[in-house]
Amino acid sequence: SIAGVFDLRRRSGFSPCLPPAALPRMRFSRALPLLLFTTPLYAWAPLRAAPYHLPGVSRKGFRCGLLLRLAGGAMATSASTCAPDEKVQSFINTVNTGYESVHKRFEEQFWGTKMALPGGTKLSDGVAVAEFSVKELTRTKQEMEGFLADAGKLAETRAMMNAGTATPEQLKVLNIFEKTFKSYIMESDEAKQEREKATVMEGVLEDQRNKMKLGATLPGQGFVEMSSVGLRNTMRTAESEEVRKACFEGLRTIGPFVLENGFLDIVKARNRMAKALGFEDYYDMKVTQAEGFSKKRLFEMLDTLETGTRPLMEEARARLAKEKGDAALQPWNTGYLMAGDVTRKLDPYFPFEKAVEMWGRSFKSLGITYKGSSMDLDLLDRQNKYSNGFCHWPQPAWLRADGTWQPATTHFTSLADPSAIGSGHTALTTLMHEAGHAAHFANIAQGSPLFSQERAPTSVAYAETQSMFLDSLVGDAAWRGRYARDREGKPVPFALLKEEIESKHPYSVMELRSMLAVPYLEKALYEMPEADLTAAAVLALADATEARIQGGLGSRPLLSVPHLLSDEASCYYHGYVLAEMAVHQTRSYFIEKYSFIVDNPKVGPTLEEYYWRAGNSEPFLSLVENLTSKPLSGTAWVDALKEPVSELLAREEVAYLAAVAQVSPTEETGAVDLDMRVRFVDGAEEIADSRADGSFLDACRRFEAYVKARFPRAA
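Worth saying up front: this structure is predicted, and the values here are computed from it rather than measured. (Residues numbered from 1 in each chain as written. Predicted model: local features only at pLDDT ≥ 70, side-chain atom pairs only at ≥ 80, totals over all residues. Heavy atoms only, no water.)

## Some thoughts on the overall build of the protein chain
Helices and strands together make up the secondary structure of the protein chain, namely 29 helices and 11 strands. By the burial criterion, 58% of the 715 residues in the protein chain qualify as buried. Sequence separation of at least 24 residues holds for 75% of the intrachain contacts in the protein chain that already meet a minimum separation of 6. Carbon together with sulfur atoms contributes 53% to the accessible area of the protein chain, which is approximately 28800 Å² in total. (Helix = DSSP H or I, 4+ residues; strand = E, 2+ residues; numbered from the N terminus. Buried < 20%, exposed > 50% of the residue type's maximum accessible area, 1.4 Å probe, protein only. Contact = heavy atoms within 4.5 Å. Areas by Shrake-Rupley, 256 points an atom, 1.4 Å probe, with all protein chains shown as cover.)

## Examining the nonpolar core
Core analysis: the biggest nonpolar cluster contains 198 residues, and Phe 177, Trp 359, Phe 363, Tyr 370 and Phe 680 have the highest contact counts within it. Ranked by residues supplied to this core, first place goes to helix α21 (residues 509-527) with 11 residues. Look past the residues within four positions of Tyr 370 in its chain and what remains in contact with it is Trp 359, Phe 363, Met 375, Ala 435, Ala 438, Ala 439, Ala 442, Asn 443, Leu 674, Asp 675 and Met 676. (Core = buried A, V, L, I, M, F, W, Y, C linked by side-chain atoms within 4.5 Å.)

## What to know about the confidence of the model for the protein chain
Per-chain confidence: the protein chain averages 88 in pLDDT, with 88% of residues scoring 70 or above. Scored below 50 in pLDDT, residues 1-81 makes 117 contacts in the model with residues more than four places away or belonging to other chains. (pLDDT = per-residue confidence, 0-100.)

## A closer look at the packing of helix α18 (residues 460-471) against helix α24 (residues 603-612)
Where α18 contacts α24, the two axes come as close as 12 Å, and the packing angle between them is 170°. Taken as axis vectors, α18 and α24 run roughly antiparallel relative to one another. Of α24, the residues touching α18 (which contributes Tyr 462, Thr 465, Gln 466, Phe 469 and Leu 470) are Val 603, Leu 607, Tyr 611 and Trp 612. The residue inventory of the contact of α18 with α24, partitioned by class, reads seven nonpolar, two polar and no charged. (Axes fitted to C-alpha atoms, helices over the stretch in contact; angles between N-to-C directions. Parallel < 35°, antiparallel > 145°, perpendicular 65-115°, else oblique. Nonpolar A, V, L, I, M, F, W, Y, C, P; charged D, E, K, R; others polar.)

## Details of the pattern of salt bridges
A full pass over the atoms with the stated rule returns 55 salt bridges. Where Glu 454 meets Arg 455, a salt bridge forms, and the shortest distance between an N and an O atom there is 3.9 Å. Two residues, Glu 527 and Lys 523, come together in a salt bridge whose shortest N-O distance is 3.2 Å. Linking Glu 527 with Lys 523, this pair stays in helix α21, spanning four residues, or about one helical turn. A single network of salt bridges, built from pairs that share partners, joins Lys 354, Glu 357, Arg 361, Arg 482, Asp 599, Glu 668, Arg 701, Glu 704 and Lys 708. (Salt bridge = Lys/Arg side-chain N within 4 Å of Asp/Glu carboxyl O.)

## Quick notes on the environment of Gly 335
With respect to the helices and strands, Gly 335 occurs in helix α15 (residues 334-346). In this structure, the C-alpha to C-alpha distance between Gly 335 and Ser 555, residues 220 residues apart in sequence, is 7.5 Å.

The structure is reproduced here in structure tokens:
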């Protein structure tokens, strides 16, 4: 494509402003035929000399009238020069700094309210925020969305795109302005009103959900408060079926609670808004804005995966019932009977207090860096804290107009209980996942913060591919042979990994089906006639969806999934499914090219070049195909599900033996330099700071000591 010909700076260092002498390896003879046959004649304009200056190169004229407007499908019809247009640049600077400001104020409130921080808490930039409240969260969100929904900005953007005076870099920035503004501008007063109502109701519901008294009535103990993460973890590991069932029933209370506290009104308002804007429904609006294709196209892809894996799911459920008895299909028993015992046996090899260090060492060995960013990690569970891990960026990474680099600031949370069995493994997986998000967004190097923010038009699937690829490594025998070590530094024995593979691999399709169930529920929910939206009807719909997609009630009730509630995460879960397809395809690429992934120092630079650097400037499907040379499909994922246990065991044992033959990570003497400042916090309390403590590993030691003192049984 034309874009492929001219998007050369990323891979070859080419810039249209460079003279031919500076391009010794660039052969225009190869590009010209493609240009001639793919460029409409109206796109060409007379060439004229343009100024340039490079250190050590004399000033000359270089014809760069071929500066085509490549983004958005249109071409500039007049010549351009390589010197940035001052009027265009002034507008770009105003939008960039304005968005950066409103984005930061909203994200500070998002973090403060989700973490239940008191007013006056100092964040990573050292500035104390006077108040964290639902009122301020709502106000700053409306302020940010109002900035993005300004029709005047869109009109000015389009005028500058069509004027023919902008450079290619300016056109690229203007293009993302146009795409972003179009995602937020509502040309319907009704849609605006419904949006405002939904935003207010979402804030109220999330506040009520955070304060919900959640837990389980346990035998001999009475009601015990637990977060949703705690309930799920206990259900996976408790030996008593009575305890497991009580935890499942605790999770089932979330659905009725949210339905009775405004969720139905939010669904109605979201749908009215979307329909007023001409979309089929709210799901259709969300997926179109984020992914660039319709809900219909999305579910054509998901339906193929659903029908293709249904026989595997039915076979797995029949096998589980045959091996473990019909009771194994009860939602509170499935996870435990598949792997509860082996989870307990593996627990000593995933000490929670070492999780952060092992994440850092693993990412360092992959060649991943964070380009000077800062990260706040709030990892421990506590009362009133938001019940799901997430990673957000109050400060997006971007290249300023003067060429200076603005590093990212990341807020990153999980809900770990170090005293619980399996908490270390969960913590490591969460760290690898959310730190994968952080690495991705820290490495987006474009000329506006709008390229590196996580909302539309950023693809959900694109964002989740990065995190899920990296958290997938925790399941690899090669990774575990290196990093799954007990407190004495001994590696996990392969016999345990063998036991886990034998107990879980035949049923791994169940995880796929569990992921699929969420988008199918939301699709059906937003397709329901408004008159039919009652609590009883939605509860029945959720159970019916679980039965249809998962074969029976799932261990995670669909209405307990927190993504459904917030605007940012609603109609989002399909991204995990598409991302998992991309993860398996990406893993296959690395294995075919290098034969290994864990501790491969080429992984990080490759991800940075092909996936991360572009941000949302390129379509998700194109990014995957550019790296893997194949269109996105579920083939690699389904092949992995179908792999015989014997073949998987043989392959994993070879990788494990090679890993344990290396020096133990805890015996390595080098620094772990991720080019990042890390602060460990617990709410308003600062536990450790790599800048103040001297290094990443020094901060890890302080965090480890904190965990040991606070949770002595866990350490």
